[in-house]
Amino acid sequence: MHKALIVEGLLCLTLPPDRAETIAGDLVEESHTRGGRWFAGALVGVSVAMFFHAFGAARVRTLMKLVLGLVVWFTVYAATRVGGAVLGLQPLVVDVRSIPDAPFGTLVYLGGVLLLSNLVTGLVLGRGAGVGGMNPVMPLAVFWASAAVIGLCADILSGAATWYCTCLYVFGVPALYIAPLVLGGVLSARAAPSLRVGVSR
Amino acid sequence: MSRNAYLGEFEQIVLLAIMRLGDDAYGVAIRDEIQKRTGRSTAPGALYTTLDRLEQKGLVVSRLGEPTPERGGRAKRYYSVSAEGIEAVERAQRCYQSLLDGLQILRKKHA
C-alpha cells in the first residue's frame, strides 16, 4: 500500500492524478513478479518518458512555464538577498571561491534563501494548470537537475572542480532547489481545486 | 477520420494486442501479450506514452476498473479500440500488403 502511495505521488508530478493511479497500480502489480530493481527502473523510465511526451506535445507551453518559474524564483531570490544585505545578515555579493571561508551564519542564510526561493516558486507555480497534466513545477525542476549535471561535468572536464562546488551540485541542488520546489508544487496543487474530469468507473 | 491516421509499427502492435485481449486489455496484460506474441520486451514508459497518444488520436478509449489489493488498492485502466482505431489498423495492413505484393525476394523466402 505504501509502495503504491509513493509511486502514485511521484507519477503525479508528470501525469494527471487518474493516470498516475492506474500506472502506479500496474507497476506495483508487476513488481510482485519482476522484483524491486525492475520496479525502480520502470518508475524512473515511466516518469522520464511521460515528461518528454508531455513536453513534445506542448513545447511552447512547457517553455513558458519554465520562464515563468525562473522569473518567480529570481524575484524571490533577489528580494531575500537584497533584504538580507540591507539588514546586515550577509554580504550582497558572495565570491564563489570564498565560500569555504564564509561565516557559518552566512552559509545558513544563503542556503535558507535558496530553499525559501524554491519553496515559494513551487507554491506559486503549483496553483496553475500543468502541461499535459504534469505538475507546473516540473519544467523548472528538470532545468535545475540539468544545470547541476552540466555544471558538474563542466567542472570535472575543465579540471577546476572543487569540493564545495561538487557538494553543491550533488547534494545542494537536490536538497535546496529540487526538493523544496517539488514540495511547494505538490502542496499547492493539492490545495488547488481538483481538475479531474472525464473519468468513468 | 482522426487527426493523424498514419500508424507507426509499435502503435499497430499495441492496437492489435488490445484487440486480442478484448475486455481484459490493461497495461500489464498488454505488455504481456506483446511479449508473448512478438517476443519483444516493451518498456513501460514506451507503452504508456503510446497508449496516451492513441487515446488522443481517438483510436482507443479507456475506462477505469475497480481497485484491487494486489495493486496497492489502485484501479486498472482498461483500453478498447475504437471504430476509428480498427479502420486505421485495416488501412495500415492494406498499405503493407500493397507494398509486399509482387516482391519476388519474399516469395522465395516463404516458398
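### Side note on the overall build of chain A
Phase 1 of the analysis: Summing up its helical and strand segments, chain A has seven helices and zero strands in all.
Phase 2 of the analysis: If you list the helices and strands of chain A from N to C, you get α-α-α-α-α-α-α.
Phase 3 of the analysis: With the principal axes as the frame, chain A shows a C-alpha extent of 60 × 35 × 30 Å.
Phase 4 of the analysis: Within chain A, the proportion of its 201 residues that are buried is 37%.

### Things to note about the interface of chain A and chain B
When the parts of a complex come together, some accessible area is lost, and that lost area is often taken as the interface size.
Phase 1 of the analysis: On the chain B side, the residues contacting the 24 residues of chain A number 19 residues.
Phase 2 of the analysis: Those elements giving two or more residues to the side of chain A that touches chain B turn out to be α1 (2-11), α2 (17-34) and α3 (36-57) of chain A.
Phase 3 of the analysis: Counting residues per element, the side of chain A that touches chain B draws most heavily on α2(A), which supplies eleven residues.
Phase 4 of the analysis: Residue classes in the side of chain A that touches chain B are distributed as twelve nonpolar, six polar and six charged.

### Some details on the pairing of strand β2 (residues 77-81) of chain B
Residues and elements named next belong to chain B.
Phase 1 of the analysis: Counting buried positions along β2 yields four of five residues, so the element is predominantly enclosed.
Phase 2 of the analysis: Two strands pair when backbone bridges link them, and strand β1 (residues 60-64) and β2 are joined in this way by five bridges, in the antiparallel orientation. Across the sheet, S62 pairs through a bridge with Y79, a residue of β2.

### Details of the domain arrangement of chain A
Residue and element names in this part refer to chain A.
Phase 1 of the analysis: Assigned domains of chain A: these are domain 1 (1-57) and domain 2 (58-195).
Phase 2 of the analysis: The centre of domain 1, based on its C-alpha atoms, is set 25 Å off from the matching centre of domain 2.
Phase 3 of the analysis: At the junction of the two partners, domain 1 supplies eleven residues and domain 2 supplies eleven residues.
Phase 4 of the analysis: No other element matches the five residues that α3 contributes to the side of domain 1 that touches domain 2.

### Looking at the environment of A:V137
Phase 1 of the analysis: With respect to the element layout, A:V137 can be found in the loop between α5 (104-125) and α6 (138-158).
Phase 2 of the analysis: Sequence-distant contacts of A:V137, defined by excluding residues within four places in its chain, comprise A:G69, A:G122, A:L125, A:G126, A:L181, A:V182, A:G184 and A:G185.

### Description of the packing of α3(A) against helix α3 (residues 44-56) of chain B
Phase 1 of the analysis: Relative to each other, α3(A) and α3(B) sit at 35 degrees, their axes nearing to 8 Å. Considering the relative orientation of α3(A) and α3(B), their crossing is right-handed. Facing A:A42, A:G45, A:V46, A:V48, A:A49, A:M50 and A:H53 of α3(A), the residues of α3(B) in contact are B:P44, B:G45, B:A46, B:Y48, B:T49 and B:D52.

### Quick notes on the packing of helix α1 (residues 9-21) of chain B against helix α4 (residues 83-100) of chain B
All names here are of chain B.
Phase 1 of the analysis: At a minimum axis separation of 10 Å, α1 and α4 run at an interaxial angle of 125 degrees. For the element pair α1 / α4, the angle class is oblique. Note on packing geometry: the crossing formed by α1 with α4 is left-handed. Every residue of α4 that contacts α1 at Q12, L15 and L16 is listed here: G85, V89 and A92.
Phase 2 of the analysis: A per-class count over the contact of α1 with α4 returns four nonpolar, two polar and no charged.

Conventions adopted
- Residues numbered from 1 in each chain as written.
- Chains lettered and ligands numbered in written order.
- Predicted model: local features only at pLDDT ≥ 70, side-chain atom pairs only at ≥ 80, totals over all residues.
- Helix = DSSP H or I, 4+ residues; strand = E, 2+ residues; numbered from the N terminus.
- Buried ≥ 20, exposed ≤ 12 C-beta atoms within 10 Å, placed from the backbone.
- Contact = placed C-beta atoms within 7 Å.
- Nonpolar A, V, L, I, M, F, W, Y, C, P; charged D, E, K, R; others polar.
- Pairing = 2+ DSSP bridges.
- Domains from an automatic or database assignment.
- Axes fitted to C-alpha atoms, helices over the stretch in contact; angles between N-to-C directions.
- Left-handed = near helix turned anticlockwise from the far one by under 90°.
- Parallel < 35°, antiparallel > 145°, perpendicular 65-115°, else oblique.

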